[in-house]
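Structural characterization, general
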Amino acid sequence: MFNMLFGLKDIHTVLANQRKIGGAAEADSIRLSSGETYQNPVFTNVDISKGHYVSVGFIDEDGTNIIAHVDQIAVIKGLQHKLICQLNNTFIKEIMVRDTLQYLQRLCEVNAGFITSTFKKEALKLVHDISVKELKNHNVSLPFPVEDKLVRLHA
């Protein structure tokens, strides 16, 4: 799915299915009707009430956590679904890489000694999301070999 998103419904879909599809919803910028502009916002939440989108939460590249009512949004530019390793927002990228590595290490501990196809698929999906480079930078090893150039496994 790693491509352009077209609205709040798409952002909500990425957030709701984050564990299955990985990555995050990031825009080049978002401008509120008050004139405030935020660069490289990564969306963290979309609130829905009675079938209507009410508010969105995002973190900008300075690490500011903003929640805005949908009526306050003037323009969202360059909205895309990206892998964690592709994010331009370095603040949230570091947090997401750290969290993913912790989850991956715990996944390896739980599956120690048993390399099932399900475990391997999930582990490789996580590595694909953060990149093999990050895996090596943090000295994390998997109980099976991982190539530098991962080919996406189809479910």
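The sections below set out a description of the structure shown in this document.

Rules used throughout
- Residues numbered from 1 in each chain as written.
- Predicted model: local features only at pLDDT ≥ 70, side-chain atom pairs only at ≥ 80, totals over all residues.
- Heavy atoms only, no water.
- Helix = DSSP H or I, 4+ residues; strand = E, 2+ residues; numbered from the N terminus.
- Buried < 20%, exposed > 50% of the residue type's maximum accessible area, 1.4 Å probe, protein only.
- Contact = heavy atoms within 4.5 Å.
- Pairing = 2+ DSSP bridges.
- Axes fitted to C-alpha atoms, helices over the stretch in contact; angles between N-to-C directions.
- Parallel < 35°, antiparallel > 145°, perpendicular 65-115°, else oblique.
- Left-handed = near helix turned anticlockwise from the far one by under 90°.
- Nonpolar A, V, L, I, M, F, W, Y, C, P; charged D, E, K, R; others polar.
- Expected span 1.5 Å × (residues − 1).

Concerning the environment of P143
- One can find P143 in the segment after α5 (132-137).
- Taking the relative accessible area as the measure of exposure, P143 reaches 44% and is therefore partly exposed.
- In contact with P143, not counting residues within four places along its chain, are C108, I115 and F119.

Concerning the sheet that holds strand β3 (residues 37-39)
- Here three strands make up an open sheet; going across it, the order is β3-β2-β7 and the pairing antiparallel. In this open sheet, the two edge strands, each paired with only one partner strand, are β3 and β7 (73-77). On average, each strand axis in the sheet is tilted by 10° relative to the strand beside it, whichever way the strands run.

Overview of the packing of helix α3 (residues 90-110) against helix α4 (residues 117-130)
- Two numbers describe how α3 lies on α4: the axes approach to 10 Å, and their chain directions differ by 160°. Accordingly, the angle class assigned to the pair α3 and α4 is roughly antiparallel. Crossing geometry of α3 relative to α4 is assigned as left-handed. Between α3, through V97, T100, L101, Y103, L104, L107 and C108, and α4, the contact on the second element is made entirely by F119, E122, A123, L126, V127 and I130.
- Among the residues forming the contact of α3 with α4, the class breakdown is eleven nonpolar, one polar and one charged.

Observations regarding α4
- Relative to the 20 Å expected for 14 residues at 1.5 Å per residue, α4 spans 20 Å between its end C-alpha atoms, a close match to the ideal helical length.
- Burial analysis of α4 places ten of its 14 residues in the buried class, the great majority of the element.
- Residues of α4 that are buried include every one of F119, E122, A123, L124, K125, L126, V127, H128, D129 and I130, and no others.
- The elements touched by buried residues of α4 are α2 (18-21), α3 and α5.
- Of the residues flanking the end of α4, it is S131, one or two places downstream, whose phi is positive at about 95°.

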